[in-house]
Amino acid sequence: MKLTIARDELLFGLDRIVRIVERRNTIPILANVRLAALGDALELSATDLDLQATTRLPASVGSTGETTLPAVTFTDFVKKLPAGADVTIETGKTESQMVIKSGRSKATLLTQPSSDFPDLNVADCPWEVEIPATVLSQMFEKLAFAISTEEARYYLNGIYFHGLQLGEKRILRGVATDGHRLSQHDLVDIAAPAGMPGIIIPRKTVAEISRLTKGRGKELIKLQISATKLKVTTGTTVLASKLIDGTFPDYTRVVPQGNNLVAIIDRVDFAAAVDRVATMSSERSRAVKFSFKPGRVEISVTSPDMGSAIEEMDVDYDGDSIDIGFNANYALDILGATESDNIRVAMADAGSPTTFQASTDGAPSLFVLMPMRV
Amino acid sequence: MAGATRVPGFCRDCLADAGDGPRCAACGSPRLVRHPRIDELSVAHVDCDAFYAAVEKRDNPALADVPLIIGGGTRGVVSTCCYIARISGVRSAMPMFKAKALCPNAVVLKPDMAKYAAVGRQVRAMMQSLTPLVEPLSIDEAFLDLTGTGRLHGMSPARVLARFAAAVETDIGITVSVGLAANKFLAKTASELDKPRGYSVLGLEEAPAFLAPRPVTFIWGVGPAFGGKLARDGFKLIGDLQRADEKDLARRYGAEGLRLWRLARGIDARSVTPDREAKSVSSETTFDTDIRDLRPLEQTLYALCEKVSARMKQADLSGRSVTLKLKTADFRLRTRSRGLDSPTHLAARLYATAHDLLLKEVDGTPFRLIGVGLSDLSPGSDADPADLVDTSTQRIKATETAMDAVRAKFGAAAVKRGILLDGPVRGKPSGR
């Protein structure tokens, strides 16, 4: 195997896939990247057995072949080569060595045979949908923070992505929850493929897709879906992932419909006030109290070991007075994930789920937050 | 002998000045204690002598003159042995079969923890009537800081402690040993010197000479591993540490080196802190015979979860990190932890997570111990908040609240979960 590739191209490719490599591994080959010299390209792959990334880079190939190299060491070496240089990668004295040359630098790395490199077989994905990069990454941004980290509830450790009938249209919707909060985001302009099953996309896959789609504008990202796997293609990079094998709970029962204590609040001012007051809340509970009265809300914290803070805001509210507590961090996540000028907060009582939504009509995102005792 | 050079001291029986003679001039007792700084020192370590055995002997006078061993089950270890049994070489933590071989005529009793805990509380209450600064180390020992109590008690801390030791003997019927010193390290060291029914005073002045010939492992926090490392580096005895340069020790062992340098000189700045905040709550059991099957492990685990849950509820705490501890028959420790999305103190939630962790470990390996704990603690009010998707938490909460109410009224055995009906595995309970 022998090929020559621009150092910047190679580093760019490695950067796209190398984060998948787990730092601590029980299976040694998972710490490696696979290199395949084919025709006029170098194909790089990395995997953690659940998620696999492959990217294809232009290269001039002298002789084809495949091998694997230690991901971290290889990437570090390439990173330290001067920008604009060319890199030649070729088999060394034996098959178990690869020589990497650039200018007057030369490194020899030990290989492991690529035949040992596991392949996540994603051949058969019957459902297919194309989504603009910005639309996909925007959805993940609004959902990712609500994904649960509790291993016992593995079926909440990802985003539930499914099609549903909304009026005339069959749309795609993503949902994530950790039991404290729930985020829901609709892709109203994308038609759901007929018969597509609901899938749970694991957190790590969500993070990788977000990274890959970042800055790719309106470029269409291809999602190919089966009941157990997901394949995402952007340009010459393919991400293949196992899906979480579990049943996402019936979240529609969680989203309250009849909350009639409704406040409309300036979103940016509200977030700043919550953030200021929350400085005094205990690091553990982060509890902040919201006292709604006609025309205003009082945001306050009283912490036995820290002190207290209070701030009043004018809001559009004419319901009964209500005191309700929320985790400040959760509230700020939601306020940060909403884009409109005003946010609509709909409450039932101090102990029931509360909804947060952009006050504009047909807002695609909806957030549900469980109150805390304050 | 001139009065000015006389070493101050007093009689431990009648608290009169010790005078010069070998016996108390007032009551004739030989139990005199003297020390140049006896009237200034105020930090003490109090340790009950052969505590479990002493309580059993108190309650059954027929045991008074026979060797007595308190320990668990067929293959357990010696928890406590009386001083008569110690003459034959029996020591605590010794395997029971070995203890029985050394002292075949010993009477062996299983520990009655509830009884010992009650007696321990009585002793502690007496300590707390002397000073609020009582830091319990275990059921039968504690540090006391009597600094500034002279006016209150109308006598020096040293005398107060002697009076306290005598009162424990008459009121409770067991004996204690007292170590009086300038700090916790020296007080703990002193209380060991004159056991049982002892009273030792160790001042800062004589501490270096006293500590020098002792092995470095005498210092708390220096176990066999660190001790071995120190020995390889040429520090076998505390005296070797005393000769070392402070900066050199800091360079070699970091902050730990500085601590060694100070402790080697008997310097210890830790204060006596009552009710240190708990970092975790846990409970564990050593089985009578090794267990490899899931079912009995599950049952024991559930019983332990209930115990931890009860303690958490009592202390108004909750925790969001669950740790399962297993020890294999060949003494290998396995600990597995998992975080929760919200803090809990419910037995059922604790069990659900610990059980998940257990399932991954049960592979035919025989285990000798199982334990479970909760850490990353929060106030009890943060426990088990309502969950958007898992409505079972609130149901479990209601169930456990009802069970707790029944137990409060009719006793712990009044209501049991089905999982425990064919009985958890018997073993020796322990835990903190």
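### Section: the overall build of chain B
Helices and strands together make up the secondary structure of chain B, namely 15 helices and 15 strands. Principal-axis analysis of the C-alpha atoms places the extent of chain B at approximately 85 × 55 × 50 Å. Within chain B, the proportion of its 432 residues that are buried is 47%. Across chain B, contacts joining residues at least 24 apart in sequence account for 63% of those joining residues at least 6 apart. In the structure as shown, chain B presents an accessible area of about 20500 Å², 55% of it carried by carbon and sulfur atoms.

### Quick word on the packing of aromatic side chains
Evaluated as defined, the whole model comprises 15 aromatic pairs over all chains. When the centroid spacing of 5.7 Å and the interplanar angle of 65° are considered together, the rings of A:F270 and A:F290 count as edge-to-face. Here the residue A:F270 occupies a position in helix α5 (residues 267-278), and A:F290 occupies one in strand β19 (residues 287-293), the gap between them amounting to 20 residues. For A:F270, a relative accessible area of 3% puts it in the buried group. Judged by its relative accessible area of 2%, A:F290 is buried. Their ring planes at 80° and their centres at 5.1 Å tell us that B:Y302 and B:Y351 sit as a pair that is edge-to-face. Residue B:Y302 is found in helix α13 (residues 294-314), and its partner B:Y351 is found in helix α14 (residues 347-361); the two are separated by 49 residues along the sequence. B:Y351 carries the same exposure label as B:Y302, and that label is buried.

### Regarding the interface of chain A and chain B
Interface extent is often summarised as the accessible area lost during association of the parts. Chain A puts 21 residues into the contact, and the matching count from chain B is 20 residues. When the two sides are added together, the surface that chain A and chain B hide from each other amounts to roughly 1600 Å², 48% of it contributed by carbon and sulfur. At the surface where chain A touches chain B, the tally comes to three salt bridges. Its salt-bridge partner being B:D341, residue A:R153 comes within 3.7 Å of it at the nearest N-O pair. Inspection of the region where chain A meets chain B yields seven residue pairs in polar contact (both at pLDDT 80 or more).

### Here we look at the sheet that holds strand β4 (residues 51-58) of chain A
Residue and element names in this part refer to chain A. On the basis of which strands lie adjacent, the open sheet formed by eight strands has the order β6-β2-β3-β4-β17-β16-β15-β10 and antiparallel pairing. Looking along the sheet, the strands with just one partner apiece sit at the ends: β6 (65-70) and β10 (127-132). Put simply, the sheet's adjacent strands are angled 20° from each other on average, direction ignored. As judged from the four bridges shared by strand β15 (residues 220-225) and strand β16 (residues 229-234), these two strands associate in the antiparallel manner. Paired with K222 across the strands is T233, a residue of β16.

### What about unusual backbone geometry?
All names here are of chain B. The omega angle of the peptide bond from K195 to P196 is -10°, so this bond is cis rather than trans. As for its position among the elements, P196 is in the loop between α7 (184-191) and β10 (199-202). For L15, which is not a glycine, the phi torsion comes out positive at approximately 65°. Topologically, L15 is positioned in the loop between β1 (9-11) and β2 (32-34). Of note, the phi angle at D384 is positive, near 45°, even though the residue is not glycine. By secondary structure assignment, the location of D384 is in the loop between β14 (367-379) and α15 (392-410). Classification of D384 as buried rests on a relative accessible area of 0%.

### Overview of the pattern of salt bridges
For the coordinates displayed, the defined rule picks out 51 salt bridges over all chains. A salt bridge links A:R153 to B:D387, with the shortest nitrogen-to-oxygen separation between them at 2.8 Å. Remark: B:D387 occurs in the loop between β14 and α15 and A:R153 occurs in the loop between α3 (133-143) and β11 (158-166); the pair is interchain, linking two chains. The exposure class assigned to B:D387 is buried, which follows from its relative accessible area of 11%. Note that B:R197 is salt-bridged to B:E169, the shortest N-O span being 2.8 Å. Within this pair, whereas B:R197 is found in the loop between α7 and β10, its partner B:E169 is found in helix α6 (residues 157-171), the two being separated by 28 residues in sequence.

### What about the nonpolar core?
Among the nonpolar cores identified, the biggest contains 93 residues, and A:L10, A:F74, A:F161, A:F290 and A:F292 are the most heavily contacted of them. It is helix α6 (residues 328-337) of chain A that contributes the most residues to this core, six residues altogether. Residue contacts for A:F292: discarding those within four places in its chain leaves A:A263, A:I265, A:V297, A:Y317, A:D320, A:S321, A:I322, A:I324 and A:M347. Counting 53 residues, the second-largest nonpolar core is a separate cluster that includes B:L63, B:I69, B:V119 and B:I172.

### Some points on the domain arrangement of chain A
Residue and element names in this part refer to chain A. Structurally, chain A comprises domain 1 (2-116), domain 2 (127-252) and domain 3 (255-369). Residue-level contacts link 13 residues of domain 2 with 12 residues of domain 3. Summed over both partners, the interface of domain 2 with domain 3 buries about 1200 Å², with 49% contributed by carbon and sulfur atoms. Ranking the residues of domain 2 by area buried against domain 3 places K142, R181 and Q184 at the top, with a combined share of 40%. On the surface where domain 2 and domain 3 come into contact, there are two salt bridges. Where D333 meets R181, a salt bridge forms, and the shortest distance between an N and an O atom there is 3.0 Å. Summed over the shared surface of domain 2 and domain 3, the number is nine residue pairs in polar contact (both at pLDDT 80 or more). Where the side of domain 2 that touches domain 3 is concerned, the elements lending two or more residues are α3 and β13 (181-191). Per-element accounting of the side of domain 2 that touches domain 3 gives the leading share, six residues, to β13. Looking at the side of domain 2 that touches domain 3, its residues break down into three nonpolar, six polar and four charged.

### Quick notes on the pairing of strand β14 (residues 199-202) of chain A
Residue and element names in this part refer to chain A. Of the two faces of β14, both are covered, the one formed by I199 and I201 as well as the one formed by I200 and P202. When β11 meets β14, the two strands line up antiparallel, connected through four bridges. Across the sheet, the residue bridging to Y160 is I200, located in β14.

### Quick look at the confidence of the model for chain A
Across chain A, pLDDT averages 93, with 100% of residues at or above 70. Mean pLDDT across the secondary structure elements of chain A bottoms out at strand β20 (residues 296-303) of chain A, with 93, and peaks at β14(A), with 98.

### What to know about the environment of B:I238
All names here are of chain B. Relative to the helices and strands, I238 resides in helix α10 (residues 238-243). When its relative accessible area of 0% is taken as the criterion, I238 is described as buried. Sequence separation between I238 and C27 is 211 residues; the distance between their C-alpha atoms is 41 Å. Beyond its immediate chain neighbours, meaning those up to four positions away, I238 contacts L211, A212, R214, P215, V216, F218, I219 and A264.

What counts and what doesn't
Residues numbered from 1 in each chain as written. Chains lettered and ligands numbered in written order. Predicted model: local features only at pLDDT ≥ 70, side-chain atom pairs only at ≥ 80, totals over all residues. Heavy atoms only, no water. Helix = DSSP H or I, 4+ residues; strand = E, 2+ residues; numbered from the N terminus. Buried < 20%, exposed > 50% of the residue type's maximum accessible area, 1.4 Å probe, protein only. Contact = heavy atoms within 4.5 Å. Areas by Shrake-Rupley, 256 points an atom, 1.4 Å probe, with all protein chains shown as cover. Phe/Tyr/Trp six-rings, centres within 6.5 Å; stacked < 30°, edge-to-face > 60°. Buried area = accessible area lost by both parts, 1.4 Å probe. Salt bridge = Lys/Arg side-chain N within 4 Å of Asp/Glu carboxyl O. Polar contact = N/O pair within 3.5 Å; in protein donor to acceptor, adjacent residues only side chain to side chain. Pairing = 2+ DSSP bridges. Axes fitted to C-alpha atoms, helices over the stretch in contact; angles between N-to-C directions. Core = buried A, V, L, I, M, F, W, Y, C linked by side-chain atoms within 4.5 Å. Domains from an automatic or database assignment. Nonpolar A, V, L, I, M, F, W, Y, C, P; charged D, E, K, R; others polar. pLDDT = per-residue confidence, 0-100.

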